[in-house]
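Coordinate analysis (summary)
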Amino acid sequence: MNYLLFFLLVTVTICQDEYGCEDCECPDLLDKLFYPFRSEVLYTEEAGCVRNLTCKTDVSTFVRFNFTDSEIPRPDDSYYDAYALTSESPEVPTGPNINIFQFFGMICENNEWYITKYPSGIFYGTFSGEESVIGANGELDGKKAKIFGIHCEPPSQ
Ligand SMILES: *[C@@H]1O[C@H](CO)[C@@H](O)[C@H](O)[C@H]1NC(C)=O
Ligand SMILES: *[C@@H]1O[C@H](CO)[C@@H](O)[C@H](O)[C@H]1NC(C)=O
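Residues numbered from 1 in each chain as written. Chains lettered and ligands numbered in written order. Predicted model: local features only at pLDDT ≥ 70, side-chain atom pairs only at ≥ 80, totals over all residues. Heavy atoms only, no water.

1. Details of the overall build of the chain
- Summing up its helical and strand segments, the chain has two helices and 11 strands in all.
- Each helix (α) and strand (β) of the chain, taken in turn from the N terminus, gives the series α-β-β-β-β-β-β-α-β-β-β-β-β.
- By the burial criterion, 38% of the 157 residues in the chain qualify as buried.
- In the chain, 65% of the contacts between residues at least 6 apart in sequence involve partners at least 24 apart. (Helix = DSSP H or I, 4+ residues; strand = E, 2+ residues; numbered from the N terminus. Buried < 20%, exposed > 50% of the residue type's maximum accessible area, 1.4 Å probe, protein only. Contact = heavy atoms within 4.5 Å.)

Here it is in structure tokens:
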């Protein structure tokens, strides 16, 4: 047997068994960051595909996705665009700092980032000019939606 091939096989096997070798197979999560600049966010990468992206609970902290790229049915008359919110309502515009990776239950699957939790519901607009929020009671938790863009209001000190 070719020695080089043999050593390659051994290395690959050891790497799979040993703690610390598991790399995240997903693209950089911050590629999805639309606001603000990546140098302005509080972001850490932890083991595997675990991340920590800390933002302020705010009307401008949300994850945008397309109903078509999600397991959530598009409401009648709704645009494709959907926004998973952090603030409960415009009347309660801001709140504590949160790790939105955890808040939205972000996961990596087949090289794509998804959210799986909607603790403050999903905002959408309709062709007839109405605006609604669905799922604020957590009823949509567990459904996957492919992340299109992340907006993060930097945390207050
Ligand atoms: C996430 O990062 C923030 C800011 O550095 C830190 O305060 C918080 O404890 C971290 N959360 C977790 C779950 O590691
Ligand atoms: C959402 O998906 C639909 C259908 O695939 C597509 O026509 C539309 O352009 C998408 N919208 C956005 C904002 O990506």
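2. Regarding the site of ligand 1
- Ligand 1 sits among L42, N52 and T54.
- Within the side chain of N52, an N or O atom sits 2.4 Å from an oxygen atom of ligand 1.
- Between ligand 1 and T54 there is a distance of 3.3 Å, counted from an oxygen atom to a side-chain nitrogen or oxygen. (Near = heavy atom within 4 Å. Polar contact = N/O pair within 3.5 Å; in protein donor to acceptor, adjacent residues only side chain to side chain.)

3. Focus on the pattern of salt bridges
- Counted according to the given criterion, the structure contains six salt bridges.
- R51 is the salt-bridge partner of E45, the closest N and O atoms lying 3.8 Å from each other.
- Connected through salt bridges with shared partners, the residues D28, D31 and R38 form a single ionic network. (Salt bridge = Lys/Arg side-chain N within 4 Å of Asp/Glu carboxyl O.)

4. Things to note about the packing of aromatic side chains
- Within the structure shown, the criterion is met by nine aromatic pairs.
- Considering the side-chain rings of F62 and Y83, the 5.5 Å spacing of their centres and the 75° angle between planes classify their relative orientation as edge-to-face. Note that F62 is positioned in strand β4 (residues 62-70) and Y83 in strand β5 (residues 81-85), a separation of 21 residues in sequence.
- We classify Y83 as partly exposed; its relative accessible area is 22%.
- Taking 5.0 Å as the distance between ring centres and 90° as the angle between the ring planes, the aromatic pair formed by F103 and F104 counts as edge-to-face. (Phe/Tyr/Trp six-rings, centres within 6.5 Å; stacked < 30°, edge-to-face > 60°.)

As far as function goes, none of this settles anything; it's purely spatial.
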